[in-house]
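# Structural characterization, general
Read off the chains here:
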Amino acid sequence: MARTLLEKIIERSVVYRDANYAIIDVDLLMGHDGTASLIVDRFLAAEMCVWEREKVFIVFDHFSPPATVERAGIQRKLLDFVCDQELPFALNEGICHQLLLEDPRCAPGKVVIGADSHSTTVGALGAFAFGIGATDFLHILRSGKVWLRVPDVVRVELRGCKQHHILGKDLILHISSILRDCDLTYTVLEFVDRTDDGVTMDSRATMCNMVVDIGAKAGMFVPDGVTAEHCAKYGQAFEPLYPDADALYTRRVEIDVGTVDSMVSLPHDPRNVGRLKDMTSDIPIHQVFVGSCTGGRVEDASAMVEVAERFTPLRRLKKIFIPASNRIFSDISATGVLSRLLSLGVAVPNPSCGPCCNIDKGLLADGENCVSTSSRNFQGRMGSALSSVYLASSYTAAASMHTGRLTDYGDLPNS
């Protein structure tokens with residue numbers, strides 16, 4: 001029987017399966033200070049044991065470093081637990097999803113589960129990755145197994161040659177608009193890159209990250225040369241699985257990336273999507289935030305600098321770039337991108353989630369509007385409930401830095 005990439009990964013990891021459900025082995029389990037901390041008391045009270053310590057990864061990134069006494073206490077409790085249990089962890093090294101992309105234990109064909117909805121990001125490697133809640137995290141921590149309803153699969157083929165300023169954020173928002181009327185609950189989007197220039201790993205990560213925000217269970221790219229190059233850089237095994245040519249899908253979608261324009265999600269719903277060129281240009285912007293697990297990579301920082309060096313950013317505008325990991329921080333420093341950002345008046349805090357979850361490092365005041373490369377723009381997501389967040393690519397964010405309004409990069413002179 002012909003199989004999709006998902007079917008082959010499940011087959012490789014399956015412990016039990018019937019017509020609708022499967023129990024599969026987990027290759028890597030991730031939790032962070034905002035979620036893993038919730039299970040500590042229950043784990044200790046039940047005198048549980050961790051199934052395999054080397055397959056666990058705890059990341060301290062949401063409260064990094066803690067901005068309140070309460071969050072400091074949460075982090076202290078989890079850090080003590082992690083050290084007592086001798087679990088692998090990362091403290092102030094970056095956002096969990098980016099660190100997974102850089103982790104040698106991640107690779108194509110793996111099952112990677114995280115106690116965070118955006119764990120789907122790792123699907124960029126051709127892994128099956130999705131998020132869970134604290135209860136399931138506790139179960140996997142002691143058993144190493146997860147049960148799930150076997151998802152449907154929608155194949156999304158990307159073809160053509162995109163415009164220079166179109167990134168993964170624009171592509172996934174465009175796909176969201178196409179699938180707007182589809183119920184993607186318990187559906188995996190299987191992406192295959194047939195574009196002329198190839199979709200970068202940074203953009204793939206953004207796309208897989210946001211599949212959950214358009215309703216899907218997970219997203220994954222069929223491995224190719226881009227995947228192999230990434231795996232070689234981070235010491236990840238490249239032993240990919242591929243879907244069969246005649247695999248059956250719930251639906252097939254073909255995207256000509258050359259027809260994709262700059263996209264934006266209007267407040268207060270990531271699926272409230274449209275083309276920027278079809279929207280009013282008189283929306284004032286008070287802050288630009290380029291960062292989070294959705295958009296804090298080298299590609300994003302480089303886009304900010306590329307645009308800002310041609311079009312001077314407004315001084316009165318609050319401008320923030322937060323790298324997704326220390327490695328990205330190091331990379332933009334080595335190439336001179338960091339120093340250019342600083343010279344342009346961009347604040348560059350340490351790698352962390354920052355304002356994305358209404359935590360710190362750039363919260364919004366009443367009435368403020370922000371262009372953000374993050375994943376969600378729910379009311380109050382980045383500060384005041386009276387603020388508004390417009391989700392867009394780093395090129396759109398950079399163009400808006402110049403005009404002080406929600407601006408399409410393609411509308412700038414000679415762009």
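This write-up is about the structure you can find in this document. Everything numeric in this text was worked out from a predicted model, so none of it was measured.

### Some details on the sheet that holds strand E8 (residues 145-149)
The antiparallel open sheet is built from 3 strands, whose spatial order is E1-E2-E8. The open sheet terminates on both sides in strands that have one partner only, identified here as strand E1 (14-17) and E8. Averaged over neighbouring strand pairs, the angle between their axes works out to 20° when direction is ignored. Summarising the sheet, E1 and strand E2 (residues 21-25) pair through 3 bridges and their orientation is antiparallel. Of the residues in E2, the one forming a bridge with Arg17 is Ala22. On the sheet, helix H1 (residues 5-13) packs against E1 and E2 and is oriented at approximately 105° with respect to E1.

### A short note on the environment of Tyr395
Its place among the elements puts Tyr395 in helix H13 (residues 394-403). Here the alpha-carbon distance between Tyr395 and Gly114, two residues 281 residues apart in the chain, equals 30 Å. Those residues in contact with Tyr395 that lie beyond four places of it in its chain are His164, His165, Leu167, Ala303, Glu306, Val307 and Tyr409. Among the polar contacts listed, one links the side chain of Tyr395 to the side chain of His164, at a separation of 3.0 Å.

### Description of the pattern of salt bridges
A side chain with one charge can pair with a side chain of the opposite charge if their charged atoms come near. According to the stated counting rule, one finds 25 salt bridges in the structure shown. Notably, a salt bridge pairs Asp103 with Arg105, separated by 2.9 Å at the nearest N-O pair. A residue is classified by how much of its surface remains accessible, and Asp103, at 8% relative accessible area, is buried. Judged by its relative accessible area of 26%, Arg105 is partly exposed.

### Comments concerning the nonpolar core
Counting 53 residues, the largest nonpolar core has Leu158, Phe191 and Met207 as the members making the most contacts within it. Take this core: its biggest share by element is 5 residues, from helix H7 (residues 201-210). Ignoring anything within four residues of it in the chain, the contact list for Phe191 reads Val156, Ile172, Ile175, Met207, Cys208, Val211, Gly219, Met220, Phe221 and Val222. Met48, Leu78, Leu148 and Val153 belong to the second-largest nonpolar core, a separate cluster that totals 44 residues.

### With respect to the side chain of Asp408
Following the sequence through the fold, Asp408 ends up in the segment after H13. A polar contact is formed between the side chain of Asp408 and the side chain of Ser262, at a distance of 2.9 Å. Residues contacting Asp408, with those up to four places away along its chain left out, are His165, Ser262, Leu276, Lys277 and Ala399.

### Examining the layout of surface pockets
Here the largest pocket defines a volume of roughly 380 Å³. Lining the largest pocket are 17 residues, and of these Met201, Asp202, His230, Lys233 and Tyr234 lie nearest its centre. The set of elements that each furnish at least two residues to the lining of the largest pocket consists of helix H4 (96-101), H7, helix H8 (225-234), helix H10 (298-308) and helix H11 (326-334). With 5 residues, the top contributor of residues to the lining of the largest pocket is H8. What lines the second largest pocket is a set of 16 residues, and nearest its centre among them are Glu7, Pro151, Asp152, Val153 and Leu248. Residue composition of the lining of the second largest pocket, by class: 8 nonpolar, 3 polar and 5 charged.

### A few points about the pairing of strand E18 (residues 388-391)
Of the two faces of E18, the one carrying Ser388 and Tyr390 and the one carrying Val389 and Leu391 are both buried. Of the pairings in the sheet, the one linking strand E17 (residues 369-372) to E18 comprises 4 bridges and is parallel in character. In the strand pairing of E18, Asn369 is matched with Ser388.

### Details of the side chain of Ser394
With respect to the secondary-structure elements, Ser394 resides in helix H13. Apart from residues no more than four positions distant in its own chain, Ser394 is found in contact with Leu167, Val290, Glu299, Asp300, Ala303 and Thr373.

### What to know about the sheet that holds strand E12 (residues 251-256)
Within the open sheet, the 4 strands sit side by side as E11-E10-E9-E12. Their pairing is parallel. Single-partner strands in this sheet number two, and they are strand E11 (218-221) and E12. Neighbour to neighbour, the strand axes of the sheet diverge by 20° on average, direction disregarded. Across the sheet, helix H6 (residues 168-178) is in contact with strand E9 (152-160), strand E10 (187-195) and E12; its angle to E12 comes to roughly 130°.

### Observations regarding empty space enclosed by the protein
Over the atoms a probe the size of a water molecule is rolled, and this reveals where empty space is left. If you walk through the whole model with that rule in mind, you get 1 cavity of 30 Å³ or more. Estimates place the volume of the largest cavity at around 70 Å³. Forming the boundary of the largest cavity are 14 residues, of which Lys169, Thr206, Thr294, Gly295 and Asp300 lie nearest the centre. Within the residue set of the lining of the largest cavity, elements represented by two or more residues are H6, H7, helix H9 (292-295) and H10. Per-element accounting of the lining of the largest cavity gives the leading share, 3 residues, to H7. Each residue belonging to the lining of the largest cavity can be placed in one class, and the counts come to 2 nonpolar, 8 polar and 4 charged.

The rules we used
Residues numbered from 1 in each chain as written. Predicted model: local features only at pLDDT ≥ 70, side-chain atom pairs only at ≥ 80, totals over all residues. Heavy atoms only, no water. Pairing = 2+ DSSP bridges. Helix = DSSP H or I, 4+ residues; strand = E, 2+ residues; numbered from the N terminus. Axes fitted to C-alpha atoms, helices over the stretch in contact; angles between N-to-C directions. Contact = heavy atoms within 4.5 Å. Polar contact = N/O pair within 3.5 Å; in protein donor to acceptor, adjacent residues only side chain to side chain. Salt bridge = Lys/Arg side-chain N within 4 Å of Asp/Glu carboxyl O. Buried < 20%, exposed > 50% of the residue type's maximum accessible area, 1.4 Å probe, protein only. Core = buried A, V, L, I, M, F, W, Y, C linked by side-chain atoms within 4.5 Å. 1 Å grid on protein atoms, 1.4 Å probe; cavity = no way out; pocket = protein on both sides within 12 Å on 5 of 7 lines; lining within 4 Å. Points joined across faces, edges and corners; volume = space filled by probe spheres on them. Nonpolar A, V, L, I, M, F, W, Y, C, P; charged D, E, K, R; others polar.

This is a description of form; function is not addressed.
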